[in-house]
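Coordinate analysis (summary)
Okay, here's what each chain looks like letter by letter:
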Amino acid sequence: MTATPRSRRLRTLAAALVTTAALSLTACQTGAADATGVVDSTQPPVPAAEAAQEAPATGKEAEKEAGTPGKEADAPAKEATQVAGRKSPAKTTSCTAEGTEVTVTEAPRPINHLLIKATNTSDTTCHLYYAPYLRFDQAQSAVPFIEESKPQAVVTLAPGESGYAGVLTSTPDGSHPYDATSLTLYYAARSGQGSTGAPSHPALPSDSVRVDSSNAVTYWQTSAADALMW
């Protein structure tokens, strides 16, 4: 049968409709969706690798990009705590009669020696400078120092610790002997000029002690053995 012009137009129109439908279906499969879910067929598909790069970071990746502000904020507080925790230098002072207890005993050897012991009874560390200034009875001058006994460092007493000084009372070659019945002790000043604080009046080991012109005292020592070496 020979097709009429009308039937040919109908077939051409049907073919055009099929082609249009096929193109629309292809666009729905390959196009990119906008925020409303409508596919924009004019946009090419986004590759998977590129989409992963554009995705917002989450979890540990977000923390890494944002840094760790918590640790940075804690740093000044930690430093302030460390500064506050540092101990300031311990307070020290010169030893005085008020903060010490002084005893005098007779040394078994060498003969004619007394041992002076000064114990820090305060709650503050103190220093025993030079040697004790001693006066037996009403002597006009202090007992001379034994310069050879000078230690390399000042004797320092923490609370409860003791320092020592040895006293040579007399020798066979001494002159002007007499029997002393009292002793007065002064602590030397840090400057080495005069004494500091009130004097101490320790009791003698017996009613009297024979002293003469050879009478001398050592510098303060850290042990009784060192104090009795002269």
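Below: a short report on this structure.

About the criteria used
- Residues numbered from 1 in each chain as written.
- Predicted model: local features only at pLDDT ≥ 70, side-chain atom pairs only at ≥ 80, totals over all residues.
- Heavy atoms only, no water.
- Helix = DSSP H or I, 4+ residues; strand = E, 2+ residues; numbered from the N terminus.
- Buried < 20%, exposed > 50% of the residue type's maximum accessible area, 1.4 Å probe, protein only.
- Contact = heavy atoms within 4.5 Å.
- Areas by Shrake-Rupley, 256 points an atom, 1.4 Å probe, with all protein chains shown as cover.
- 1 Å grid on protein atoms, 1.4 Å probe; cavity = no way out; pocket = protein on both sides within 12 Å on 5 of 7 lines; lining within 4 Å.
- Points joined across faces, edges and corners; volume = space filled by probe spheres on them.
- Nonpolar A, V, L, I, M, F, W, Y, C, P; charged D, E, K, R; others polar.
- Phe/Tyr/Trp six-rings, centres within 6.5 Å; stacked < 30°, edge-to-face > 60°.
- Pairing = 2+ DSSP bridges.
- Axes fitted to C-alpha atoms, helices over the stretch in contact; angles between N-to-C directions.

A short note on the overall build of the chain
For the chain, the helix and strand inventory stands at five helices and 14 strands. Out of the 230 residues belonging to the chain, those deemed buried represent 26%. A sequence separation of at least 24 residues applies to 74% of the contacts in the chain between residues at least 6 apart. When the accessible surface of the chain is totalled, it reaches about 15600 Å², and 55% of it is carbon and sulfur.

Here's the deal with the layout of surface pockets
Estimates place the volume of the largest pocket at around 180 Å³. What lines the largest pocket is F136, A139, S141, A142, V143, P144, H176, Y178, V211, D212, S213 and N215. In terms of residue class, the lining of the largest pocket is built from seven nonpolar, four polar and one charged. Approximately 150 Å³ is the volume found for the second largest pocket. Taken together, the elements giving at least two residues each to the lining of the second largest pocket come down to β5 (113-120) and β13 (209-211). Taken together, the residues that form the lining of the second largest pocket break down as five nonpolar, six polar and two charged.

Some thoughts on unusual backbone geometry
Geometrically, the link from R109 to P110 is a cis peptide bond, its omega value of -5° lying close to zero. The phi torsion at N112 lies on the positive side, around 60°, for a residue other than glycine. Here N112 shows up in the loop between β4 (100-106) and β5. Residue class for N112 comes out partly exposed when judged on its relative accessible area of 35%. Positive phi, normally seen in glycine, also occurs at H176, with a value near 55°. The residue H176 is located in the loop between β9 (162-168) and β10 (178-180) in this model.

Comments concerning the packing of aromatic side chains
Enumeration according to the criterion identifies three aromatic pairs in this entry. A centroid spacing of 5.6 Å and a plane angle of 65° characterise the contact between F145 and Y219, whose relative ring orientation is edge-to-face. Placement of F145 in the loop between β7 (133-136) and β8 (155-157) and of Y219 in the loop between β14 (216-217) and α5 (224-227) is noted, with a sequence separation of 74 residues between them. Relative to W220, the ring of Y187 lies with its centre 6.2 Å away and its plane at 15°, an arrangement referred to as stacked.

Section: the side chain of N215
Among the secondary structure elements, N215 is positioned in the loop between β13 and β14. N215 sits in the buried class, given a relative accessible area of 9%. Those residues in contact with N215 that lie beyond four places of it in its chain are F136, V143, P144, V167, L168 and T169.

Quick notes on the sheet that holds β8
On the basis of which strands lie adjacent, the open sheet formed by three strands has the order β3-β6-β8 and mixed pairing. Unpaired on one side and paired on the other, β3 (92-94) and β8 mark the two borders of the sheet. Recorded for the sheet is a direction-independent mean angle of 30° between the axes of neighbouring strands. As paired strands, strand β6 (residues 125-128) and β8 are joined by three bridges and run antiparallel to one another. When the sheet's bridge partners are listed, H127 is paired in β8 with T156.

Observations concerning the environment of T124
By secondary structure assignment, the location of T124 is in the loop between β5 and β6. When the C-alpha positions of T124 and G160 are compared, they lie 9.7 Å apart, and in sequence the two are 36 residues distant. When neighbours within four sequence positions are excluded, T124 is seen to be in contact with K91, T92, T93, L157 and P159.

So, the pairing of β7
Only one face of β7 is buried, namely the one carrying L134 and F136, since none of Y133 and R135 on the opposite face is buried. Pairing geometry for β7 and strand β11 (residues 183-188), over four bridges, is antiparallel. For F136, the partnering residue across the bridge sits in β11 and is L183.

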